[in-house]
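Spelled out from the first residue to the last, the chains are:
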Amino acid sequence: MSSSFKDLQNKWEDDKKNIDTSSTNFIDLQQKIKQKEKENYFFYYGTISILLFTLISISLFFYYVAPVKEFLSKMGVLLMISGLLFRIFIEIISILKAKKIKVSEDSLKTTQNVIHFHRFRKKIHKIIAPIIITFYTIGFYMITPEFSVYISFNYLLLIDISYLVIAIILYVLIKKGVKKEMQKIADIINLKKQIIE
C-alpha cells in the first residue's frame, strides 16, 4: 500500500514538473511570437512611412517645382503616384490582415491564418511589387522628354543614370528587408506549430 502511494506521489510530482515546464515553454513561445510580430509591424509601418514621404515629395515637386504640361508627362506622374498609393494601400491591408490573426483563439486556425498571410506577403513581394516598380519606372521615363526641353542633355542623362543607381540600391535594401520579414513570418509559423504539438 505504501509503495503504491509512493508511486502515486512520484507520478504526481513528475506530472507537476511537466505541467510547469510546458506552461513555461508555452509562455516563452508566445513571447517569441509577439516579438517577431512586433518587428514585422515595425517593418510595415516603416514601409508606409517611406512610401508616404516619397508620395508627398513627388506630389509637391510636380505641383510646385516642375509642373508638367505635356500629356505624356502627366500620365508619367499619374503612374508614379498611383503606384505609390497602391503600394501604401497594400501595406495597410497587410497590417489589417496581420492584426486579424491574433483574434483567433484556436492555435491550429491561427497557424493556418499565418500560413495564408505568408502566401499573401509572398505574392506582394514576388508579383505586385515588381509590377508597381515597373510602372513607376515607366512613369519616370515618360517625363524625360518634357524635361529634355528645359534641362541640358548632360544633366538629364545624370538624372536618368542616378535614378537607375538609386533604384538598384533600393532594390538591394528592400530585398534584404523582405527576406528578414519572410523569415520572421516563417519563424512565427514554426513557433505556432510548436504550440499545437
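Above this note sits the structure.
Residues numbered from 1 in each chain as written. Predicted model: local features only at pLDDT ≥ 70, side-chain atom pairs only at ≥ 80, totals over all residues. Heavy atoms only, no water.

Observations concerning the layout of surface pockets
- Here the largest pocket defines a volume of roughly 1600 Å³.
- Along the wall of the largest pocket there are 46 residues; nearest its centre are L51, I133, L170, Y171 and I174.
- The biggest single contributor to the lining of the largest pocket is helix α4 (residues 153-196), with 18 residues.
- Here the residues of the lining of the largest pocket are counted per class, giving 30 nonpolar, ten polar and six charged. (1 Å grid on protein atoms, 1.4 Å probe; cavity = no way out; pocket = protein on both sides within 12 Å on 5 of 7 lines; lining within 4 Å. Points joined across faces, edges and corners; volume = space filled by probe spheres on them. Helix = DSSP H or I, 4+ residues; strand = E, 2+ residues; numbered from the N terminus. Nonpolar A, V, L, I, M, F, W, Y, C, P; charged D, E, K, R; others polar.)

Focus on the pattern of salt bridges
- Inspection of the entire model under this criterion finds three salt bridges.
- Among the ionic pairs, E91 bridges to R87, the shortest N-O distance being 2.7 Å. Taken as a pair, E91 and R87 lie in helix α2 (residues 71-103) at a separation of four residues, close to a single helical turn.
- Judged by its relative accessible area of 13%, R87 is buried.
- Two residues, E181 and R121, come together in a salt bridge whose shortest N-O distance is 2.6 Å. Highlighted residues: E181 in helix α4 and R121 in helix α3 (residues 107-150), separated in sequence by 60 residues. (Salt bridge = Lys/Arg side-chain N within 4 Å of Asp/Glu carboxyl O. Buried < 20%, exposed > 50% of the residue type's maximum accessible area, 1.4 Å probe, protein only.)

Topic: the environment of N113
- For N113, the location among the structural elements is in helix α3.
- Of the residues examined, N113 reaches a relative accessible area of 22% and is grouped as partly exposed.
- Placed 15 residues apart in sequence, N113 and A98 show a C-alpha to C-alpha distance of 8.8 Å.

Quick notes on empty space enclosed by the protein
- If you walk through the whole model with that rule in mind, you get one cavity of 30 Å³ or more.
- Looking at the largest cavity, it is lined by eleven residues, and the ones nearest its centre are E37, A98, I101, F117 and I188.
- Breaking the lining of the largest cavity down by element, the ones donating at least two residues are α1 (2-65), α2, α3 and α4.
- Top element by residues in the lining of the largest cavity is α1. It accounts for four residues.
- For the lining of the largest cavity, the per-class residue count stands at eight nonpolar, one polar and two charged.

Considerations on a nonpolar patch on the surface
- The grouping of F153, L157, I161, V165, I166, I169, L170, L173 and I174 at the surface amounts to a nonpolar patch, some 870 Å² of accessible area in total.
- Along the chain, the position of F153 falls in helix α4. (Patch = residues over 30% accessible without salt bridge, like charges linked within 9 Å, V, L, I, M, F, W, Y side chains within 5 Å. Areas by Shrake-Rupley, 256 points an atom, 1.4 Å probe, with all protein chains shown as cover.)

Side note on a positive patch on the surface
- Positive charge collects at one region of the surface, where K97, K100, R119, K122, K123, K126, K175 and K179 lie side by side.
- Taken together, the elements giving at least two residues each to the positive patch come down to α2, α3 and α4.
- For the positive patch, the element with the most residues is α3, which contributes four residues.
- Looking at the element boundaries, R119 is found in helix α3. (Lys, Arg positive; Asp, Glu negative; His and termini not counted. Charge placed at Lys NZ, Arg CZ, Asp CG, Glu CD.)

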